[in-house]
Amino acid sequence: QVQLVESGGGSVQAGGSLRLSCVVSGYFVASHCMGWFRQTPGKEREGVALISNYGDTTYADSMKGRFTISKDNTKNTLYLQMNSLEPEDTGIYYCAGRNGARGYCNFRSRFPDWGQGTQVTVSS
């Protein structure tokens, strides 16, 4: 059984910080391309950050310098540290996974496994 469970969302003031967590069961984070995506009402799902099975990271331009993706292979958990949050960051954040053996760990890749999402709300 594959399960991805996000947590850590909430409401913060602009300029604040949140750390999202994604606990994965059913496979190892270490061998997968893992990513964070977000959904804003009325817009398509947007890639936020990726970390490959090798540990390489990728960020959307608007997140560079503010967000940091990381993973703890021992805890089998993915993280997203979000700093300097802006109202435009408001949305539902999803954790997703793709087997690293498939290659192509980028925002155009297909991610078969998804969490239920966690809401992030940033007020001005």
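As shown above, the structure is provided for reference.
From a predicted model like this one, the values you see are computed outputs, not experimental measurements.

Parameters at a glance
Residues numbered from 1 in each chain as written. Predicted model: local features only at pLDDT ≥ 70, side-chain atom pairs only at ≥ 80, totals over all residues. Heavy atoms only, no water. Salt bridge = Lys/Arg side-chain N within 4 Å of Asp/Glu carboxyl O. Buried < 20%, exposed > 50% of the residue type's maximum accessible area, 1.4 Å probe, protein only. Helix = DSSP H or I, 4+ residues; strand = E, 2+ residues; numbered from the N terminus. Contact = heavy atoms within 4.5 Å. Disulfide = S-S within 2.5 Å. Phe/Tyr/Trp six-rings, centres within 6.5 Å; stacked < 30°, edge-to-face > 60°. Lys NZ or Arg CZ within 6 Å of the ring centre and 35° of its normal. Pairing = 2+ DSSP bridges.

Now for the pattern of salt bridges. Going through the model one piece at a time under the given rule, you end up with four salt bridges. In this structure, the salt-bridge partner of Arg38 is Glu46, at a minimum N-O distance of 2.9 Å. Given a relative accessible area of 6%, Arg38 falls into the buried group. Classification of Glu46 as partly exposed rests on a relative accessible area of 29%. Residue Asp89 is joined to Arg66 by a salt bridge in which the shortest nitrogen-to-oxygen separation is 2.8 Å. Here Asp89 is found in the loop between β8 (77–82) and β9 (91–99), whereas its partner Arg66 is found in the loop between β6 (57–59) and β7 (67–72), with 23 residues between them in sequence.

What follows is about the environment of Lys71. Locating Lys71 in the fold gives a position in strand β7. Residues within four places of Lys71 in sequence aside, it is in contact with Val29, Ala30, His32, Ile51, Ser52, Asn53, Thr77, Leu78 and Tyr79.

Here the focus is the state of the cysteines. Here a disulfide denotes one covalent bond, and it connects the sulfur atoms of two cysteines. For the coordinates displayed, the defined rule picks out two disulfides. Between Cys22 and Cys95 runs a disulfide, and the two sulfur atoms are separated by 2.1 Å. Across the S-S bond of Cys22 and Cys95 the torsion is about -75°, and the bridge reads as left-handed. Linking Cys22 in strand β3 (residues 18–25) with Cys95 in strand β9, this pair joins segments that are 73 residues apart in sequence. Taken as a pair, Cys22 and Cys95 share a single burial class, namely buried. Residue pairing for Cys33: its cysteine sulfur links by disulfide to Cys105, the two sulfurs lying 2.0 Å apart. Taking the torsion about the sulfur-sulfur bond, which here is approximately 75°, the covalent link between Cys33 and Cys105 counts as right-handed. You can see Cys33 sitting in strand β4 (residues 32–39) and its partner Cys105 sitting in the loop between β9 and β10 (113–114), a full 72 residues away along the chain.

On to the packing of aromatic side chains, then. Counting across every chain of the model gives five aromatic pairs. An angle of 75° between the planes, with centres 6.4 Å apart, marks the rings of Tyr94 and Trp114 as edge-to-face. Note that Tyr94 is positioned in strand β9 and Trp114 in strand β10, a separation of 20 residues in sequence. The structure contains a cluster of three or more aromatic residues connected by ring pairs, namely Phe37, Tyr94, Phe107, Phe111 and Trp114. Looking at Arg45, its charged tip hangs above the ring of Phe37, at a distance of 6.0 Å from the centre.

This part is about the pairing of strand β11 (residues 118–123). The two faces of β11 differ: Thr118, Val120 and Val122 on one face are buried, but Gln119, Thr121 and Ser123 on the other face are not. Bridge count for strand β2 (residues 10–13) against β11 is four bridges, and the pairing is parallel. Of the residues in β11, the one forming a bridge with Gln13 is Ser123. Across three bridges, β9 lies against β11 in antiparallel orientation. The residue bridging Gly91 from the neighbouring strand is Val120, located in β11.

It is worth stressing that arrangement in space is one thing and function is another; only the former is reported here.
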